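Tertiary structure, described
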Amino acid sequence: MTDITIEWARCQDWIQAAVNEAEGLFLIEDIASGVEQGLFQFWPGEKCAAISEIITFPRAKAMNIILVGGDMNELLNMIPSWEAFAKYMQCDRITGGGRIGWNRFLKQHGFKVVGRVEKFI
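All of the points below concern the structure found in this document. (Residues numbered from 1 in each chain as written. Predicted model: local features only at pLDDT ≥ 70, side-chain atom pairs only at ≥ 80, totals over all residues. Heavy atoms only, no water.)

Section: the overall build of the protein chain
Tallying secondary structure elements over the protein chain gives five helices and four strands in all. Listing each helix as α and each strand as β along the protein chain from the N terminus yields α-α-β-β-β-α-α-β-α. Taking all 121 residues of the protein chain together, the buried fraction comes to 33%. Contacts in the protein chain between residues at least 24 apart in sequence constitute 54% of all its contacts with a sequence separation of at least 6. A total of about 8,400 Å² of accessible surface is found on the protein chain, and carbon and sulfur atoms cover 54% of it. (Helix = DSSP H or I, 4+ residues; strand = E, 2+ residues; numbered from the N terminus. Buried < 20%, exposed > 50% of the residue type's maximum accessible area, 1.4 Å probe, protein only. Contact = heavy atoms within 4.5 Å. Areas by Shrake-Rupley, 256 points an atom, 1.4 Å probe, with all protein chains shown as cover.)

Here it is in structure tokens:
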């Protein structure tokens, strides 16, 4: 068993909890497959985990944090690592979405809310 397999097994419940909140966008199998293929980045912590992706737009490149789960303080402490990785990947921003309650915590770390609109069809 590889280190990543061990870490995935240890952190899978946190990722699953985040998938459950994602309004049907993913299944845990989609995330596992994306990590294996290199489409997503897996960020394991001691008591948390996150999943990100790199998105290239016509005029910008972003590291998008798509799923987070587990200990909020530990997740917030990952931000410098995310920033370093985003810079390494030549991104000019970090984006993400989530519950409104994250706003007050993320503002303290230099994030701003730009809004979210969604319609189920």
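Here's the deal with helix H2 (residues 28–37)
Of all the positions in H2, only Ile-28, Ile-31, Ala-32, Gly-34 and Val-35 are classed as buried. Considered in projection along H2, the buried side chains sweep an arc of 165° and stay on one side of the axis. Summarising the geometry of H2, the exposed residues directed more than 90 degrees from the buried face are Glu-29, Glu-36 and Gln-37. If you follow the buried residues of H2, they end up packed against helix H1 (3–20), strand E1 (40–44), strand E2 (48–56) and strand E3 (61–70). (Arc of directions from axis to C-beta.)

Quick word on the environment of Gly-45
Mapped onto the elements of the fold, Gly-45 is located in the loop between E1 and E2. Placed 35 residues apart in sequence, Gly-45 and Arg-10 show a C-alpha to C-alpha distance of 9.8 Å. Excluding residues within four positions of it along the chain, Gly-45 makes contact with Arg-10, Cys-11, Trp-14, Glu-74 and Met-78.

Quick look at the side chain of Ser-52
With respect to the secondary-structure elements, Ser-52 resides in strand E2. One polar contact links Ser-52 to Gln-41, side chain to side chain, over a distance of 2.7 Å. Side-chain polar atoms of Ser-52 contact the side chain of Trp-43, separated by 2.9 Å. Those residues in contact with Ser-52 that sit more than four places away from it in its chain are Leu-39, Phe-40, Gln-41, Trp-43, Met-63, Asn-64, Ile-65 and Ile-66. (Polar contact = N/O pair within 3.5 Å; in protein donor to acceptor, adjacent residues only side chain to side chain.)

Details of the pattern of salt bridges
Going through the model one piece at a time under the given rule, you end up with two salt bridges. The residue Arg-10 makes a salt bridge to Glu-7 at a minimum N-O spacing of 2.7 Å. Taken together, the residues span about one helical turn, with Arg-10 and Glu-7 both in helix H1 at a distance of three residues. Measuring nitrogen to oxygen at the nearest pair gives 3.1 Å for the salt bridge that ties Asp-92 to Arg-93. Since its relative accessible area comes to 47%, Asp-92 is described here as partly exposed. (Salt bridge = Lys/Arg side-chain N within 4 Å of Asp/Glu carboxyl O.)

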